[in-house]
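Per-entry structural report
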Amino acid sequence: KVLSLKSAIVSTFARLILGPLIALGLIYFFDLKGVPAGVLFIQCSMPAAVLTYLLAKMYSPKEQADNIASVIAASTFISIVTIPVIVFIALTAFG
């Protein structure tokens with residue numbers, strides 16, 4: 001059940017945009033090149049992890065767990081488009 005579609009989409013885009021930006025910062029800070037840089041960039045661009053939902057389901061109120069589930073579903077759905085773009089960028093920039 002999606003409690004707040006707007007909240008889920010905003011959180012999803014924040015995750016899918018801030019992840020690669022943080023990865024670029026780490027790549028340049030640690031002066032990574034080649035495969036390690038590409039792997040870090042791709043991994044930081046993945047959708048939200050399911051483990052957060054499992055922890056929320058165990059230790060948080062149901063409303064919060066449902067909101068996390070919405071973010072996971074939205075980020076997984078949107079990543080159908082973003083992952084190929086991220087892999088292309090990683091291959092051209094770090095490959």
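Residues numbered from 1 in each chain as written. Predicted model: local features only at pLDDT ≥ 70, side-chain atom pairs only at ≥ 80, totals over all residues. Heavy atoms only, no water.

As a further point, take helix α4 (residues 62-94). Taking 1.5 Å of rise per residue, the 33 residues of α4 would be expected to cover 48 Å, yet its terminal C-alpha atoms sit only 42 Å apart, more than 12% below that figure. Most pronounced at I80, the bend in α4 amounts to some 50 degrees, and the proline P84 follows within four residues. The set of residues buried in α4 consists of A65, D66, S70, V71, I72, A74, S75, I78, S79, I86, A90 and F94. In this fold, the buried residues of α4 make contact with α1 (5-29), α2 (34-44) and α3 (51-59). (Helix = DSSP H or I, 4+ residues; strand = E, 2+ residues; numbered from the N terminus. Expected span 1.5 Å × (residues − 1). Bend = angle between axes of the 7 residues up to and from the residue. Buried < 20%, exposed > 50% of the residue type's maximum accessible area, 1.4 Å probe, protein only. Contact = heavy atoms within 4.5 Å.)

What follows covers the packing of α1 against α4. With their axes 8 Å apart at the nearest point, α1 and α4 run at an angle of 35 degrees to one another. Two packed elements cross with a definite hand, and for α1 against α4 that hand is right-handed. Residues S7, A8, S11, T12, F13, L16, P20, L24 and I27 of α1 form the contact with α4, whose participating residues are N67, S70, V71, A74, S75, I78, S79, T82, I86 and F94. Taken together, the residues that form the contact of α1 with α4 break down as eleven nonpolar, eight polar and no charged. (Axes fitted to C-alpha atoms, helices over the stretch in contact; angles between N-to-C directions. Left-handed = near helix turned anticlockwise from the far one by under 90°. Nonpolar A, V, L, I, M, F, W, Y, C, P; charged D, E, K, R; others polar.)

What follows is about the nonpolar core. Counting residues in each nonpolar core, the largest one holds eight residues, listed as A23, I27, A37, F41, C44, I86, A90 and F94. Broken down by secondary-structure element, the contributors of at least two residues to this core are α1, α2 and α4. Apart from residues lying up to four places away in sequence, A23 is in contact with L40, F41 and C44. (Core = buried A, V, L, I, M, F, W, Y, C linked by side-chain atoms within 4.5 Å.)

The next subject is α1. Taking 1.5 Å per residue as the helical rise, α1 with its 25 residues ought to reach 36 Å, and the 36 Å between its terminal C-alpha atoms agrees with that figure. Turning to α1, its buried residues number three or more, namely A8, T12, L16, G19, P20, A23 and I27. Those residues of α1 that are buried are in contact with α2 and α4. Looking one or two residues beyond α1, the residue adopting positive phi is D31, at roughly 55 degrees.

Taken as a whole and assessed by the stated rule, the structure comprises two aromatic pairs. Taking the centre distance of 4.9 Å and the plane angle of 85 degrees together, the rings of F29 and F30 count as edge-to-face. Overall, F30 belongs to the exposed group, its relative accessible area being 53%. (Phe/Tyr/Trp six-rings, centres within 6.5 Å; stacked < 30°, edge-to-face > 60°.)

With respect to the helices and strands, L54 occurs in helix α3. On the basis of relative accessible area, L54 is assigned to the partly exposed category, the value being 45%. Along the backbone, L54 and I86 are 32 residues apart, and their C-alpha atoms lie at a distance of 27 Å.

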